Amino acid sequence: MVLNASVFGERNRDGLANFRTRTRGLSLGASRDLPRAFTVGLEASLNRTRYDEPDALRVSDGGRQEDRTIGLNMNLTKRDLTIRGFSPRLTLGRSVRKSNASFADFKRTFGEISFVRQF
């Protein structure tokens with residue numbers, strides 16, 4: 001079993017002042033190799049985004065927009081199937097964002113097929 005954790009920060013300096021943001025977050029994950037060359041993984045993340053400028057059009061109290069996003073992803077990789085050194089990975093995920101801004105909340109469920117390099 002492999003466990004991983006990361007703490008991250010991001011700065012977006014958009015041309016429009018009211019879209020400039022700072023994001024901080026935390027991610028925790030685990031993966032395990034299974035029989036028949038499968039690997040299954042699970043990752044949870046939490047991040048918080050703050051906008052630099054107040055925006056009265058989006059935030060009812062005229063303050064700064066703040067978003068909190070929670071994500072959960074599950075993936076399955078088939079290690080012994082390779083195409084030019086890359087193995088297929090299927091990811092299913094869910095993210096939920098709560099915001100103090102009008103119309104900024106969302107819930108998203110997604111699926112993704114990607115190819116990952118085996119080292």
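Residues numbered from 1 in each chain as written. Predicted model: local features only at pLDDT ≥ 70, side-chain atom pairs only at ≥ 80, totals over all residues. Heavy atoms only, no water.

Draft legend 1. Geometry of the sheet that holds strand β5 (residues 86–99). Taken in spatial order, the six strands of this open sheet run β1-β2-β3-β4-β5-β6, and their pairing is antiparallel. Across the chains shown, the open sheet's two edge strands, defined by having one partner strand only, are β1 (2–12) and β6 (106–117). If you compare each strand with its neighbour and ignore which way they point, the axes differ by 15° on average. (Pairing = 2+ DSSP bridges. Helix = DSSP H or I, 4+ residues; strand = E, 2+ residues; numbered from the N terminus. Axes fitted to C-alpha atoms, helices over the stretch in contact; angles between N-to-C directions.)

Draft legend 2. Region of interest: the side chain of Gln65. Relative to the assigned elements, Gln65 resides in strand β4 (residues 64–78). A polar contact of 3.1 Å, which involves the side chain of Gln65, links it to the side chain of Asp67. Apart from residues lying up to four places away in sequence, Gln65 is in contact with Thr49, Arg50, Tyr51, Arg58, Val59, Ser99, Asn100, Ala101 and Ala104. (Polar contact = N/O pair within 3.5 Å; in protein donor to acceptor, adjacent residues only side chain to side chain. Contact = heavy atoms within 4.5 Å.)

Draft legend 3. Structural context of the layout of surface pockets. Its volume calculated, the largest pocket comes out at about 260 Å³. Contributing to the lining of the largest pocket are 17 residues, with Asn4, Ser31, Gly41, Asn75 and Arg89 lying nearest its centre. Those elements that provide at least two residues to the lining of the largest pocket are β2 (21–34), β3 (38–54), β4 and β5. Of the residues that constitute the lining of the largest pocket, the class distribution is three nonpolar, 10 polar and four charged. By volume, the second largest pocket amounts to about 160 Å³. (1 Å grid on protein atoms, 1.4 Å probe; cavity = no way out; pocket = protein on both sides within 12 Å on 5 of 7 lines; lining within 4 Å. Points joined across faces, edges and corners; volume = space filled by probe spheres on them. Nonpolar A, V, L, I, M, F, W, Y, C, P; charged D, E, K, R; others polar.)

Draft legend 4. Fine view of the pattern of salt bridges. Counted under the stated rule, the structure contains seven salt bridges. Ionic pairing is found between Glu66 and Arg48, a salt bridge with its closest N-O pair at 3.1 Å. Of the two residues, Glu66 is situated in strand β4 and Arg48 in strand β3; the sequence distance between them amounts to 18 residues. Close ionic contact of Glu66 with Arg50 constitutes a salt bridge, the shortest N to O distance being 3.4 Å. Of this pair, Glu66 sits in strand β4 while Arg50 sits in strand β3, and the two are 16 residues apart along the sequence. On the basis of relative accessible area, Glu66 is assigned to the partly exposed category, the value being 27%. (Salt bridge = Lys/Arg side-chain N within 4 Å of Asp/Glu carboxyl O. Buried < 20%, exposed > 50% of the residue type's maximum accessible area, 1.4 Å probe, protein only.)

Draft legend 5. Quick look at the packing of aromatic side chains. Tallying each qualifying case throughout the model produces zero aromatic pairs. Lying over the aromatic face of Phe38, Lys78 brings its terminal NZ or CZ to 4.3 Å of the ring centre. One cation-aromatic arrangement involves Arg117 over Phe86; the distance from NZ or CZ to the ring centre is 5.2 Å. (Phe/Tyr/Trp six-rings, centres within 6.5 Å; stacked < 30°, edge-to-face > 60°. Lys NZ or Arg CZ within 6 Å of the ring centre and 35° of its normal.)

Draft legend 6. Molecular detail of unusual backbone geometry. Positive phi outside glycine occurs at Ala37, with the angle close to 65°. With respect to the element layout, Ala37 can be found in the loop between β2 and β3.

Draft legend 7. A nonpolar patch on the surface, seen in detail. There is a patch of nonpolar side chains on the surface, built from Leu42, Leu72, Met74, Leu76, Ile83, Phe86, Leu90, Leu92, Ile113 and Phe115 and spanning about 950 Å² of accessible area. Breaking the nonpolar patch down by element, the ones donating at least two residues are β4, β5 and β6. Within the secondary structure, Leu72 is located in strand β4. The exposure class assigned to Leu72 is partly exposed, which follows from its relative accessible area of 45%. (Patch = residues over 30% accessible without salt bridge, like charges linked within 9 Å, V, L, I, M, F, W, Y side chains within 5 Å. Areas by Shrake-Rupley, 256 points an atom, 1.4 Å probe, with all protein chains shown as cover.)

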